[in-house]
Amino acid sequence: MSTLILAAAIVTLAIGAIVFWTNPHRNVNKAFIAFSLINASWLYCVFMAMRAGLRLQAGEVVSPVPWVRAASAVGAFFPVCIWLMKESILTSTFYDRRFINSALVWLVICFSLAGLCYTDSFVFDMTESANRSRGIAYTIYSISSFGLYLLLTYQTYKQWRAQTGIRRLEIQFLILNAGIAGLLAIIVNAAGNYLDLRFLPRLTPLIILVFYGFTAWAVTVHRVFDARQVFLSVVQRLVLMLVLGFGIVGLDRLLQDFLPPTASLILSVVVGSSFAFLLERKTREWFRLTPEQHIAELRGTMIEAARSEPSPDKLVTVFEGLLCAWGQAGYARLLFDSGEVYASGDIEFAKDRPAHAALVKSGWSTPESLQRQRAEPGLVDLRQFLTEFDLGLVVTAPRGSKAPSLLLVLGTKVNHRPFTYPEVQQAQEIAEFMDNILARSRLTRQARQSEQLATIGLLGASLAHEIRNPLVSIKTFAHLLPTRFEDPEFRRKFKVLIPAEVDRIDSLTQQLLDLSNPRRHQMERISLHAIVRETVDLMLARATEARVAIVSNLNATADTIWADASAIRQVLINLLINAFQALEPQEIDRRVELKTRSSPNGSVILEISDNGPGIPPDQRGRLFHPFESTKTKGMGLGLAVCADILHEHKAAIIVPDNDRLGATFRITFPCPPPSS
């Protein structure tokens, strides 16, 4: 027993050093190393007292009393260590006046209790005629220590009720359990001494070690739990162990009448272990410890939403609303892999930043989990990302993948509580389920679009054939104008109607042909800024006619892209024409802005914005579909052609949900451009 106590002291020091090493800048870790030193010193004194007692029983002239006094004196400082851990959670610094004054009070009390241990009435040498080994000073020491633990428990309970977020959970774990362990140790030790039950005081090191191990786990583990979750998990395991133990013993007794003892024991262990393995899943369901049980209703809602909403874009909006309600979060986003970044709205997470590797390795992260881990470049960058967007949780899907297809991010909870690890597991289940649903929805849409585009191709080819024949007649009729020039009415109708119809039919023909049979692009390295300037020059006359001011802010540090110059020019012309048409109802202050910037991962971002009425939210998801238009005139093919061209260029076009007025189209060109 004494050897185990010495080993425990050494292990205590090692654990304390490891806990401090994991995050030396965290106050709780600093307080824990102080607690480890006190605990190791106390265990060493207990070891020396037990060793001296054994030597005394062997007939040597040695007294364990000095080591008993020393162990009690060191034990007097356990309350101040618990108080220090509590304060390390509640305060951000150890140097303010309130902390120093309170620390002095606790130190005076603990030193006073330690002084009692060296009075003559604390402990006596045992004699053959006297069983009493403790005096009045020991009674005062025990009652005072008991009162200190009660005071700590009461203060902690009051402060726990006033706290929110991670502080509430940490106090709940580290301090209430410390107070309970201290009270239990005092009661067991006092009962053993006053009732002359010598085995009871020997349980005190075990109680302290159990609490110490639990505290070390709570301080270092980056997974956050609340008391209810831990209690249910412990009860579930105790039930499983009891069933396993009683099952093996009971089955062994039944089989001993039919089998040899060794065979009976082996068979009992095999059968009991198999039954416990099967029962493990069932008991977790009984105690509601499986993630699936907590998200069963949400899964059903998501399935119904997927059945009723065929559009993946609208489905994403529905899912984000469900996530907000489930996680009680300020907002939720689903960030999809768009090549170099994961993006959704204004949130971007580049793959080349150190945080990406750290997130992929763990599969999830919360601000609270990062606080408990040793500062590394990837984790520091990940914490900056969470802080920048006020995120409470981010998980990857699929779990364990080195190239996740989806990031699920949730803002901080409205009640400021942290996301616990069981909630993280549930979020991972939800993210994978949503990823699967959205993947199926996209495949369905692609199949539907392929069928639609095939129909459009046939329709376009047919229309091109049918429309161009009348064009020949119309143009021939236009050539007759000189012979009928003297007829004023003919001249008026011809001048107004024929050219307009020719332009409209020709424009429709070209758009349909572009959509049904896209031309091959001649890809080369070009300057995006040069294309933008050329396009603006081409559109200046039309802009003046439409009374629209065009503003250019080309701020990208590197604008070289791999593209077909004429195709990109066509995209810009289509977007500018759309902007001009959107501004027509606006009498004054018509403005279109083109600006470029460089993204953190090196891509080039081009934005075309106007200050018009904007795009209704319910139409955003269909903007780039053929035959979808927000205007009364036009066939709705311009944006579909733009999306098709940009897709061939490996570029992405989105309409970010900005708070500003008007509409913004954001195009992201990959950089560095591909070599072929």
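Note that the structure is a prediction, hence the values are computed from the model and not measured.

S.K.: How should the pattern of salt bridges be read in this particular structure?
M.R.: Two side chains carrying opposite charge are able to pair once their charged atoms lie near each other. Per the counting criterion, the structure on display carries 15 salt bridges. When the shortest N-O distance is used, the salt bridge between D346 and R666 registers 3.8 Å. Taken as a pair, D346 in the loop between β2 (341-344) and β3 (347-350) and R666 in strand β13 (residues 664-669) lie far apart in primary sequence, 320 residues in all. Look at R666 and you get buried, because its relative accessible area is 6%. Across the pair R399 and E429 runs a salt bridge whose closest N-O atoms are separated by 3.0 Å. Here E429 lies in helix α16 (residues 421-479) and R399 lies in the loop between β5 (391-397) and β6 (406-411), a separation of 30 residues in the sequence.

S.K.: Help me out: how do you make sense of the packing of helix α18 (residues 528-545) against helix α19 (residues 565-582) in this one?
M.R.: The axes of two packed helices give the description: the angle between them and the distance between them. At a closest axis distance of 10 Å, the pairing of α18 and α19 adopts a crossing angle of 40°. Taken as axis vectors, α18 and α19 run oblique relative to one another. Viewed along their axes, α18 and α19 form a crossing whose handedness is right-handed. Residues L528, I531, V532, E534, T535, L538, M539, R542 and A543 of α18 form the contact with α19, whose own contacting residues are A565, I568, R569, L572, I573, L576, I577 and F580. Taken together, the residues of the contact of α18 with α19 break down into 13 nonpolar, 1 polar and 3 charged.

S.K.: I tried to follow helix α3 (residues 65-75) on my own but got confused; where do I start?
M.R.: Structurally, the α-helix is built with 3.6 residues per turn, so residues lying three or four positions apart point the same way. Most of α3 is tucked away, with 8 of its 11 residues classed as buried. For α3, every residue scored as buried is listed here: V65, R69, A70, A71, S72, A73, V74 and G75. Turning to α3, the residues buried within the fold contact α2 (27-57), α4 (78-90), α5 (97-116) and α6 (136-162).

Thresholds, definitions, all that
Residues numbered from 1 in each chain as written. Predicted model: local features only at pLDDT ≥ 70, side-chain atom pairs only at ≥ 80, totals over all residues. Heavy atoms only, no water. Salt bridge = Lys/Arg side-chain N within 4 Å of Asp/Glu carboxyl O. Helix = DSSP H or I, 4+ residues; strand = E, 2+ residues; numbered from the N terminus. Buried < 20%, exposed > 50% of the residue type's maximum accessible area, 1.4 Å probe, protein only. Axes fitted to C-alpha atoms, helices over the stretch in contact; angles between N-to-C directions. Parallel < 35°, antiparallel > 145°, perpendicular 65-115°, else oblique. Left-handed = near helix turned anticlockwise from the far one by under 90°. Contact = heavy atoms within 4.5 Å. Nonpolar A, V, L, I, M, F, W, Y, C, P; charged D, E, K, R; others polar.

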